[in-house]
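Each chain is listed here by its residues.
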Amino acid sequence: MTARRLRLIVPPIVVAFVFLGVWELFVVVRDIKPYLLPKPSFIAENISEQWDGMWEAARNTGTNAVIGLASGAFAGVLMAFVANRFRVFREMFSPLAAAINAMPIVALTPMFNNLFSITSTTPRRLVVTIVVFFPVFLNVLRGLTAVDPAQVELLRSYAAGDATVLRKVRVPNALPFLFTGLKVAASLSVISAIVAEYLGGPQNGLGNRITSAASNSAYGRAWAYVAAACVMGLVFYVGAFVAERLAMPWRSKRAAAQAG
Amino acid sequence: MSPSDGTPAVEITGVGKMFNAGKPGQVDALQDVSLTVARGESVALIGPSGCGKSTLLRLIANLLEPTAGTVTVNGKSAAQARQDQDYGMAFQQASLFDWRTVARNIELPLELKGWDKRRRRDKALEMLDLVQLRDFADHHPWELSGGMQQRVAIARALSVDPPLLLMDEPFGALDEMTREHMQTELLRICSQLGTTVVLVTHSIPEAVYLANRVVVMSPRPGRITKIVEVPLGERTEATREDTAFFEKITEVRELLRGVEASARSHEAAW
């Protein structure tokens with residue numbers, strides 16, 4: 001088990017360090033100017049200098065992303081249950097939802113900014129909420145509706161009504177779908193929270209810091225904040241991944257069994 | 001447990017089933033079917049695809065409503081019998097729930113009956129003893145072979161002690177050797193519990209081996225062509241090599257050939 005874990009964890013770390021090494025070497029050997037591409041070691045210096053500012057900006061952006069993720073996921077799950085229950089609603093709304101899901105919702109940010117005061121974080125959270133809503137809604141709805149008909153028939157043979165079928169078959173069946181949606185949504189929430197900052201509103205997030213550093217030619221600082229944004233995206237994804245493992249222990253057991 | 005008065009386990013009288021009645025896709029699935037299954041009896045429904053055998057099974061289970069005639073189970077309406085969980089059902093796919101352990105799969109119908117946890121668990125283990133899978137109680141379904149999964153499905157169907165077991169090609173997805181083993185197991189369990197069995201199958205040897213009576217059906221519309229009595233006594237592995245067994249297989253096969261031929265000429269006439 002531990003040997004397998006090591007085999008899983010070590011190679012990507014090695015690759016990452018090799019990548020950083022090659023990057024460093026490339027910049028030094030070709031004498032590339034920092035405004036084109038700074039050295040990783042230079043970015044690292046900036047990270048340690050900017051640590052407090054990074055942490056504060058990350059907290060602001062992260063809060064927006066978390067609130068948007070939570071409210072979007074909640075709304076998505078809720079609407080999926082409604083759509084599962086009411087066929088007319090499902091048939092009218094879900095094709096529309098799939099279409100909206102393919103659109104760049106962050107583009108709406110300037111319009112939302114006009115609706116609220118300049119210091120409000122609500123437009124960002126709203127954007128994240130909408131972005132998160134669709135993958136969660138679509139996945140959970142699929143999980144609730146795409147059940148094995150034989151399992152439903154089996155429950156009906158036990159004299160079970162719709163509510164029992166929902167509880168015993170549809171909801172457990174939708175659980176893996178929910179986490180598929182959440183893993184997509186977790187990454188999207190960070191991306192949209194940061195991009196929304198590029199498009200106006202209060203100047204306190206990672207996205208704001210990146211734009212202001214870049215426009216002040218502070219390339220090392222800009223890259224340090226980019227690195228923080230990368231880490232945040234990763235943290236959100238890993239969070240969703242861990243939640244999935246905790247919620248469905250049988251799934252990881254199964255995956256391990258199938259991997260041999 | 002089941003009252004030993006003369007009430008048959010299943011009584012089907014003049015049953016017809018029409019799908020999409022009055023619409024363009026109208027299908028006459030069953031027409032004027034009457035069949036009585038006595039308690040403790042084992043009846044196999046066999047026929048070409050489209051003969052309505054699965055429909056007939058679902059009418060008994062009250063998963064479908066007949067458009068004509070009546071179905072009674074245990075002397076009650078089929079709907080009441082379903083409410084009372086008077087039958088257990090098993091399908092071609094084991095249809096086990098991945099998120100439940102083997103024991104918890106078997107507990108499901110008991111859960112819906114409102115049994116408490118302790119009693120459910122005890123009953124599930126008892127059923128697992130019956131299908132000889134006790135050691136797998138806390139495994140998950142995907143860790144079991146197809147034959148073992150099907151045994152769990154049968155244990156689940158029987159967990160409520162139903163007087164009647166309905167099966168739709170329960171061994172259809174299994175290989176030949178596993179299948180024969182499962183048939184022997186099924187007979188052992190059902191004779192132990194006194195369960196009445198109605199099963200749908202495609203396999204002639206399976207029908208003849210498992211059933212006291214084989215109901216041969218014809219398609220479009222589904223009707224009973226003939227009911228073949230199979231008085232072979234207690235089934236053992238030796239039965240499978242018995243001349244009388246082969247004679248019955250031949251009899252059923254010839255009936256089915258006749259059914260297929262007339263169905264084909266009927267289609268040609270269209």
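Because the structure is predicted, anything quoted here is derived from the model rather than measured. (Residues numbered from 1 in each chain as written. Chains lettered and ligands numbered in written order. Predicted model: local features only at pLDDT ≥ 70, side-chain atom pairs only at ≥ 80, totals over all residues.)

Describe in detail the overall build of chain A, supporting the description with residues and values.
Looking only at helices and strands, chain A has 11 helices and 0 strands in total. In chain A, the succession of α and β elements from N to C terminus is α-α-α-α-α-α-α-α-α-α-α. Once the C-alpha set of chain A is aligned to its principal axes, its extents read approximately 75 × 55 × 30 Å. Counting every position in chain A, which comprises 260 residues, the buried fraction comes to 35%. (Helix = DSSP H or I, 4+ residues; strand = E, 2+ residues; numbered from the N terminus. Buried ≥ 20, exposed ≤ 12 C-beta atoms within 10 Å, placed from the backbone.)

Give a description of the overall build of chain B that names residues and reports values.
Counting secondary structure elements, chain B contains 8 helices and 10 strands. Here the C-alpha atoms of chain B give a radius of gyration of 19 Å, agreeing with the 18 Å that 2.2 N^0.38 yields for 270 residues. Projected onto its principal axes, the C-alpha positions of chain B cover 60 × 45 × 40 Å. Within the span of chain B, comprising 270 residues, buried residues form 41% of the whole. Counted over contacts in chain B with a minimum sequence separation of 6, partners at least 24 positions apart contribute 70%. (Rg over C-alpha atoms; globule rule 2.2 N^0.38 Å. Contact = placed C-beta atoms within 7 Å.)

Tell me about helix α6 (residues 176–193) of chain B, residues and numbers included.
In a regular helix each residue adds 1.5 Å, so 18 residues correspond to 26 Å; α6(B) covers 26 Å between its end C-alpha atoms and thus fits that length. Two residues or fewer after α6(B) comes Gly194(B), characterised by a positive phi angle close to 70°. (Expected span 1.5 Å × (residues − 1).)

Run through the sheet that holds strand β3 (residues 42–46) of chain B, naming residues and quoting values.
Residues and elements named next belong to chain B. Spatial strand order, β6-β7-β8-β3-β9-β10: 6 strands in an open sheet with mixed pairing. Both outer strands of the open sheet, β6 (87–90) and β10 (223–229), are each paired with one neighbouring strand and no more. Averaged over neighbouring strand pairs, the angle between their axes works out to 15° when direction is ignored. Two strands pair when backbone bridges link them, and strand β7 (residues 164–168) and strand β8 (residues 196–200) are joined in this way by 5 bridges, in the parallel orientation. Its bridge partner being in β8, Asp-168 is matched across the sheet by Val-200. (Pairing = 2+ DSSP bridges. Axes fitted to C-alpha atoms, helices over the stretch in contact; angles between N-to-C directions.)

Can you explain the sheet that holds strand β1 (residues 10–19) of chain B? Please cite residues and give values.
Through backbone hydrogen bonds, the strands of a sheet pair up, either in parallel or in antiparallel fashion. Within the open sheet, the 4 strands sit side by side as β2-β1-β4-β5 (chain B). Their pairing is antiparallel. Two strands bound the open sheet, and with one partner strand each, they are β2 (27–37) and β5 (76–77) of chain B.

Explain the packing of helix α3 (residues 51–85) of chain A against helix α6 (residues 122–145) of chain A to me, and be specific about the residues and the numbers.
All names here are of chain A. Closest axis-to-axis distance for the α3/α6 pair is 6 Å, and the angle between their directions is 35°. Crossing hand, α3 versus α6: right-handed. Among the residues making up the contact of α3 with α6, the classes are represented as 19 nonpolar, 8 polar and 2 charged. (Left-handed = near helix turned anticlockwise from the far one by under 90°. Nonpolar A, V, L, I, M, F, W, Y, C, P; charged D, E, K, R; others polar.)

Outline the interface of chain A and chain B, listing residues and values.
Tallying the contact residues gives 17 residues for chain A and 18 residues for chain B. Of all the elements in the fold, those that place two or more residues in the side of chain A that touches chain B are α7 (149–157), α8 (162–198) and α11 (249–259) of chain A. Counting residues per element, the side of chain A that touches chain B draws most heavily on α7(A), at 6 residues. Class assignment for the residues of the side of chain A that touches chain B results in 8 nonpolar, 3 polar and 6 charged.

Just give me the short version of the environment of Gly53(A), but keep the residues and values in it.
Within the secondary structure, Gly53(A) is located in helix α3. For Gly53(A) and Leu115(A), which are 62 residues apart along the polypeptide, the C-alpha to C-alpha distance reads 29 Å.

Would you mind going over the pairing of β1(B) in detail, with residue names and values included?
The side chains of a regular strand alternate, first on one face of the sheet and then on the other. Note: β1(B) against β2(B), 7 bridges, orientation antiparallel. Its bridge partner lying in β2(B), Lys17(B) is registered against Leu30(B).

Residue-level account of the nonpolar core, with values.
Membership of the largest hydrophobic core comes to 72 residues, with the highest contact counts inside it found for Ala44(B), Ile46(B), Ile60(B), Leu166(B), Val214(B) and Val215(B). Of all the elements, helix α5 (residues 146–158) of chain B adds the most residues to this core, at 6 residues. If you look at the next biggest cluster of nonpolar residues, it comprises 52 residues, including Met54(A), Met79(A), Ala83(A) and Ile194(A). (Core = buried A, V, L, I, M, F, W, Y, C linked by C-beta atoms within 7 Å.)

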